[in-house]
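Here is what each chain is made of, one letter per residue.
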Amino acid sequence: MLNKKQIHICLDEMRKMFPDAHCELRHDNPFELVIAVLLSAQCTDVLVNKVTKGLFEKYKKPEDYLEVSLEELQQDIRSIGLYRNKAKNIRKLCEILLTEYGGEVPNRHEELVKLPGVGRKTANVVVSVAFGEPALAVDTHVERVSKRLGICRWKDSVLEVEKTLMKKIPREEWSETHHRLIFFGRYHCKAQSPQCEVCPLVDLCREGQKRLKKKGRI
């Protein structure tokens, strides 16, 4: 397991590699971000952005999603995985926003996770990106990189990964660390073909050293 000093070295290298790491889901306000993150479950940001380009032109506020039939909304997001269930959650979410929050997205994590289709990850993204509160959302990239590097244990659950990162990384760095880990996992330490041979972190990475040893590179 990496200690705090080693983790700091890793994050510094990621900062050099991806100085402009940010949320790649296109949105203009907290409401659009909630919808985009909800749609992104088991789906790429690239595909979500393609769908939301037209979706956000048609639907501007919660009322708009309730003025069309469920079937029409499903058709509008049909190219996204789990679109039927996501359409139902969007409509339920919009109803709750209107009846309980005056049509506005709540800025507190404990309120966000009560919304249909919004789990811990989505809530963390929204409070961080939309409201500027420190948060560490653990998606597939964050989990993979954290375990490969040895920041967390292989057997750790997503929640355990989140708690470990929050413990080992200063609170004021949570949000930027979240984006750096995502970019590092999405564009460098990929699931199927991690770029271990040219990785500046390989000397600290247990998984990278194991992979290079198998290939006879070290």
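Peer 1: Please clarify how the side chain of Arg91 should be interpreted in this entry.
Peer 2: Locating Arg91 in the fold gives a position in helix α6 (residues 83-100). One buried charged side chain, Arg91, makes no salt bridge at all; its nearest oppositely charged neighbour is Glu95, positioned 5.2 Å away.

Peer 1: Sorry, what's going on with the packing of helix α9 (residues 140-149) against helix α10 (residues 158-168) here?
Peer 2: Think of two packed helices as two axes; the pair is described by the angle between the axes and how far apart they sit. Put simply, α9 and α10 touch, their axes get as near as 10 Å, and they point 65 degrees apart. In terms of orientation, α9 and α10 fall into the roughly perpendicular class. At the point where α9 passes α10, the crossing takes the left-handed sense. Counted together, Val142, Glu143, Ser146 and Lys147 of α9 and Val158, Val161 and Leu165 of α10 form the full contact between these two elements. When grouped by side-chain class, the residues that make up the contact of α9 with α10 number four nonpolar, one polar and two charged.

Peer 1: Could you clarify how one ought to interpret the environment of Ser40 in this entry?
Peer 2: Counting through the fold element by element, Ser40 comes out in the loop between α2 (30-39) and α3 (45-58). Classification of Ser40 as buried rests on a relative accessible area of 8%. For the pair Ser40 and Phe183, spaced 143 residues apart in sequence, the C-alpha to C-alpha distance is 16 Å. With sequence-adjacent residues up to four places away left out, Ser40 is seen in contact with Leu25, Asp45, Val48, Lys86 and Lys121. At a separation of 2.7 Å, a polar atom in the side chain of Ser40 contacts the main-chain carbonyl oxygen of Val37.

Peer 1: What should I look at first to understand the nonpolar core in this one?
Peer 2: Most often, soluble globular proteins keep nonpolar side chains buried together rather than apart. Residues Leu55 and Tyr65 are the most contacted members of the largest nonpolar core, which totals 37 residues. Among the secondary structure elements, those contributing two or more residues to this core are α2, α3, α6 and α8 (120-130). Ranked by residues supplied to this core, first place goes to α2 with eight residues. The contacts of Tyr65, once residues within four sequence positions are left out, are Phe31, Ile35, Leu55, Phe56, Tyr59, Leu73, Ile90, Arg91 and Cys94. Formed by 28 residues, the second largest nonpolar core is a distinct cluster that contains Ile7, Cys10, Val161 and Cys189.

What counts and how
- Residues numbered from 1 in each chain as written.
- Predicted model: local features only at pLDDT ≥ 70, side-chain atom pairs only at ≥ 80, totals over all residues.
- Heavy atoms only, no water.
- Helix = DSSP H or I, 4+ residues; strand = E, 2+ residues; numbered from the N terminus.
- Buried < 20%, exposed > 50% of the residue type's maximum accessible area, 1.4 Å probe, protein only.
- Lys, Arg positive; Asp, Glu negative; His and termini not counted.
- Salt bridge = Lys/Arg side-chain N within 4 Å of Asp/Glu carboxyl O.
- Axes fitted to C-alpha atoms, helices over the stretch in contact; angles between N-to-C directions.
- Parallel < 35°, antiparallel > 145°, perpendicular 65-115°, else oblique.
- Left-handed = near helix turned anticlockwise from the far one by under 90°.
- Contact = heavy atoms within 4.5 Å.
- Nonpolar A, V, L, I, M, F, W, Y, C, P; charged D, E, K, R; others polar.
- Polar contact = N/O pair within 3.5 Å; in protein donor to acceptor, adjacent residues only side chain to side chain.
- Core = buried A, V, L, I, M, F, W, Y, C linked by side-chain atoms within 4.5 Å.

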